[in-house]
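Summary of the model geometry
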Amino acid sequence: MAVTKIANPPDVALSFAVTRWGLALAILLAALCFTGSTRGFAQGAAGAGAELDAPKKDVLAIPIVLAREKRDKPLPLSLLDLPPTDDGIAGAQLGIKDNNTTGQFVNQEFILDVVEDSDPDKLIKEIKAKVDAGAHFVLTDVAPTTLLKLADAVGEKEVLLINYGSADDGLREENCRQHVMHTAPTRAMLADALAQYLVWKKWRRWFLVLGPNEDDKLFADALRRAAKRFGAKIVEERTFNYEIGNRRADGGFEQVQQQIPTFTQEAPDYDVLVVADEGNLFGDYLPYRTWDARPVAGTAGLVATSWHPAIEMWGGTQFQNRFKRLANRNMRPLDYNAWMATRIIGEAATRKNSGSFSDLAPFIKSPEFALSAFKGVRLSLRDWNGQLRQPVPILSPKLLVSVSPQPGFLHQFTELDTLGVDKPETKCKAYTQ
Amino acid sequence: MRSTAGLISMLGVCAALMLPTPVALAYTAFVTNEKDNTVSVIDTDKLEVIKTFKVGNRPRGIILSKDGKWLIICASDDNIIQVYDTKTFKFIKSLPSGPDPELLILHPSGNPLYVANEDDNLVTVVDLKQGKILTDIPVGVEPEGMGMSPDGKVLVNTSETTNMAHFISTETNKTFDNVLVDARPRVAIFNKAGTQLWVSSEIGGTVTVINPEDRKVIGKVRFEIPGINKEAIQPVGVRITADDKKAFVALGPANRVAVVDTETLKVEKYLLVGQRVWQLGFTPDYKLLFTTNGTSNDVSVIDVERQKVIKSIRTGRYPWGIVVAPF
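Treat the numbers as computed from the prediction; the structure is a model and nothing was measured.

Some points on the domain arrangement of chain A
All names here are of chain A.
- Here chain A is partitioned into domain 1 (9–185 + 309–390) and domain 2 (186–241 + 251–304 + 394–433).
- Facing 24 residues of domain 1, the contacting portion of domain 2 comprises 24 residues.
- Here the residues of the side of domain 1 that touches domain 2 are counted per class, giving 10 nonpolar, five polar and nine charged.

Structure (structure tokens):
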């Protein structure tokens, strides 16, 4: 690792897609921060007894690499949804900060090393260099194809990749890898969570509207699967074809106001319109504009998501506040998924009092491992595909509506496994072979 | 609304004569209702709410001053501690705290007050008389549980995301040891003899019992309830009987209170109470135990000796903390 003895999180160097000068500067800055922060530690951490009795142990540095593939995506419709530049990264920074508050009591220090590139091959090369130099833990926010290439490129090494950015079910199924875990809920988990709520609400007749993109089709597949699983029926299905224009123009609503009612006209009787538009490019046009007066759910209206800035249950308020102080904005699902990934490593390192791969990786995969992540229950990894099992909040744009699994959807082992692909159905073989 | 002390004791005696069990003196229980911003006042003899009064926003932790005259409440969303008169329920004054105070505990001498501020990784030490902050003690992420050794020398704070019990010397106001426990520790409490410290882990689903002398873990209490998913077993409130023999542990959404033998650390019995049971409070004679049941808006009353739930009393919305006054 290029970066070893540095850094406390608020100061964590943001981007390391850099020149040598940039790197040197970052190290220097971080080192300065470190001298500043150790004083704070000694006070609270070591404590009276420890200071007197035991010689101070060396602080163990545990590097965590974050790999982000910069992708060109059209911007979402709403001004409120524009992604911040540090989407996800800020969540990892908070995770590092939380890990380090605990680390001060056990002489561990976590260091975040962010690598970003828009060229997947360059990104993989850079990550591989870090892994070759001894990094064991890599958090990823990359396209599924990039993740597979990366996983295969570093597969021989002692490395654990934690995917926090992709909901792709294939990465957990036919394309699963033994050294890749996932904190992001899958499309199947999100669709199941929403379906359970809609079925609980007795809104069983769905009008499915999907976008033309590949991601939208995958989410539509997940919704169809969920409908079948939980006893809903898709009574109508339409694809919303559109040309991506500029998200903003002066005006625009006049045409949409005409367009959506006619698009949704003459549907068979349905209870709820379910939309699959992962990029949020048209879905938000649907609520209040459908021909029939019906609620909208899916990727717009009522949504299933791993996190939302309005979640305050289970100690979430303090968590939201900590994030806002750090990032000066609301916490988004990607931030939360990255925070969980960072905390998985921190939690394992604290419990095992170690930073070594051979101590941490098997423990993380074991049934004893539990992550507490403001969801009211312990989270753990599915031992058949490395997916983090988790409750999924259901929200209207401003408020928590419910949390799935819903009451009555039972499971032999844990109700959390009613969400997503369950053990008997999995196509993942890497974990059993 | 009661008017005089005489009337109360008379009512108390009458009620005690009418009820077959348990024969208890009339005390007053105070319950904070997190969602209503109120405190419900319960007559422990009649077992009914006799008064509800408004307090600050999001009231949670609640204790009494040593002389019993003050009710001290964490008004979490106001970022202050509020003091109310235990007899007239009138507001007396506010005390400073750090952001988002949640639980608090008094030094056995009656002063100072130690407050866990969930939002800034600090335990704040507040002088009760002068109403000012004496110092802050840095601890782990999201400090919550507060336990005080019977001799007043050691304060224990738990941090919910760091997952540790921090041992703090009340002389130096510094941490001198940190013990790792299971995920999301909520409550810490010493037994009367000072030989055991009990720490509940809400997400870990266990209670860790620590020897305060050497800070070694004596053992862990584990819970298993047929038909209840293990994720729903979430220990929060812990109270230990006067003779140190039994511990009662509130199990959150498992809707049960476990009765645990403090020597074997084995569960003897599970008592069915209201929904999402969190905090517990004994009457001063240890005959009754009250439980706050957040999602069912009530408190359950447990007859300690018979280990039976004898009544549930409707409170405000989301009852959170409870304290019982000796009058």
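Examining the pairing of strand β12 (residues 143–148) of chain B
Residue and element names in this part refer to chain B.
- Summarising burial for β12: six of the six residues are buried, a large majority.
- As paired strands, β12 and strand β13 (residues 154–159) are joined by four bridges and run antiparallel to one another. Looking at the pairing, M148 lines up with L155 of β13.

A look at the interface of chain A and chain B
- Each partner contributes residues to the interface: chain A has 20 residues there, and chain B has 29 residues.
- Counting only elements with at least two residues in the side of chain A that touches chain B, the list comes to α1 (20–44), α2 (47–53), α3 (89–106) and α9 (316–327) of chain A.
- Broken down by class, the residue content of the side of chain A that touches chain B amounts to five nonpolar, 12 polar and three charged.

Re helix α10 (residues 333–352) of chain A
Residues and elements named next belong to chain A.
- End to end, α10 covers 29 Å across 20 residues, agreeing with the expected 28 Å (1.5 Å per residue, within 8%).
- Among the 20 residues in α10, 19 count as buried, and that is most of the element.
- A positive backbone phi angle near 50° is found at N353, which sits one or two residues after α10.

Focus: the packing of α3(A) against α10(A)
Residues and elements named next belong to chain A.
- Look at α3 against α10: their axes get within 6 Å of each other, and the N-to-C directions meet at 20°. One finds that α3 runs roughly parallel with respect to α10. Both α3 and α10 take part in a crossing whose hand is right-handed. Between α3 and α10, the contacting residues are A90, G91, A92, L94, G95, I96, D98, N99, T102 and V106 on the first element and L334, D335, Y336, A338, W339, T342, R343, G346 and T350 on the second.
- By residue class, the composition of the contact of α3 with α10 is nine nonpolar, seven polar and three charged.

Thoughts on the environment of D169(A)
- Within the secondary structure, D169(A) is located in the loop between β4 (160–163) and β5 (180–182).
- The sequence separation of D169(A) and A188(A) amounts to 19 residues, and the corresponding C-alpha distance is 6.9 Å.

A closer look at the sheet that holds strand β23 (residues 267–272) of chain B
Residues and elements named next belong to chain B.
- Taken together, the four strands give an open sheet; going across it, the order is β20-β21-β22-β23, and neighbouring strands pair in antiparallel fashion. Among the strands making up the open sheet, the edge pair consists of β20 (238–240) and β23. Put simply, the sheet's adjacent strands are angled 20° from each other on average, direction ignored.
- Pairing of β20 with strand β21 (residues 246–250), which is carried by three bridges, proceeds in the antiparallel orientation. Looking at β21, one finds that I240 is bridged to A247.

Some remarks on the nonpolar core
- Counting 117 residues, the largest nonpolar core has I64(A), L66(A), I127(A), V138(A), L139(A), L194(A) and L223(A) as the members making the most contacts within it.
- No other element matches α10(A), which puts 10 residues into this core.
- Mapping this core onto the domain boundaries places at least three of its residues in each of domain 1 (9–185 + 309–390) and domain 2 (186–241 + 251–304 + 394–433) of chain A.
- Setting aside anything within four residues of it in sequence, one finds L139(A) in contact with I64(A), L66(A), A67(A), A92(A), I162(A), Y164(A), A338(A), A341(A) and T342(A).
- I105(B), V260(B), V299(B) and I302(B) belong to the second-largest nonpolar core, a separate cluster that totals 89 residues.

A closer look at the pairing of strand β24 (residues 277–282) of chain B
- For β24(B), a buried count of six out of six residues is recorded, marking the element as mostly surrounded by other parts of the structure.
- Once β24(B) ends, the chain turns through five residues before running back antiparallel as strand β25 (residues 288–293) of chain B, passing Y286(B) with a positive phi of about 65°.

Structural notes on the confidence of the model for chain B
- Predicted confidence across chain B gives a mean pLDDT of 92, with 92% of residues reaching 70 or more.
- As a predicted assembly, this complex carries a pTM of 0.82 together with an ipTM value of 0.75.

Overview of the packing of helix α6 (residues 187–200) of chain A against helix α7 (residues 214–230) of chain A
Residue and element names in this part refer to chain A.
- Two elements in contact, α6 and α7, have axes whose closest approach is 8 Å; the angle formed by their N-to-C orientations is 45°. Classified by the interaxial angle, the pair formed by α6 and α7 is oblique. Regarding α6 and α7, the two cross each other, and that crossing is right-handed. Across from R187, A188, A191, D192, A195, Q196 and V199 in α6, the residues of α7 making contact are L218, F219, A222, L223, R225, A226, A227, R229 and F230.
- Residue classes in the contact of α6 with α7 are distributed as 11 nonpolar, one polar and four charged.

What counts, and where the lines are drawn
Residues numbered from 1 in each chain as written. Chains lettered and ligands numbered in written order. Predicted model: local features only at pLDDT ≥ 70, side-chain atom pairs only at ≥ 80, totals over all residues. Domains from an automatic or database assignment. Contact = placed C-beta atoms within 7 Å. Nonpolar A, V, L, I, M, F, W, Y, C, P; charged D, E, K, R; others polar. Buried ≥ 20, exposed ≤ 12 C-beta atoms within 10 Å, placed from the backbone. Helix = DSSP H or I, 4+ residues; strand = E, 2+ residues; numbered from the N terminus. Pairing = 2+ DSSP bridges. Expected span 1.5 Å × (residues − 1). Axes fitted to C-alpha atoms, helices over the stretch in contact; angles between N-to-C directions. Parallel < 35°, antiparallel > 145°, perpendicular 65-115°, else oblique. Left-handed = near helix turned anticlockwise from the far one by under 90°. Core = buried A, V, L, I, M, F, W, Y, C linked by C-beta atoms within 7 Å. pLDDT = per-residue confidence, 0-100.

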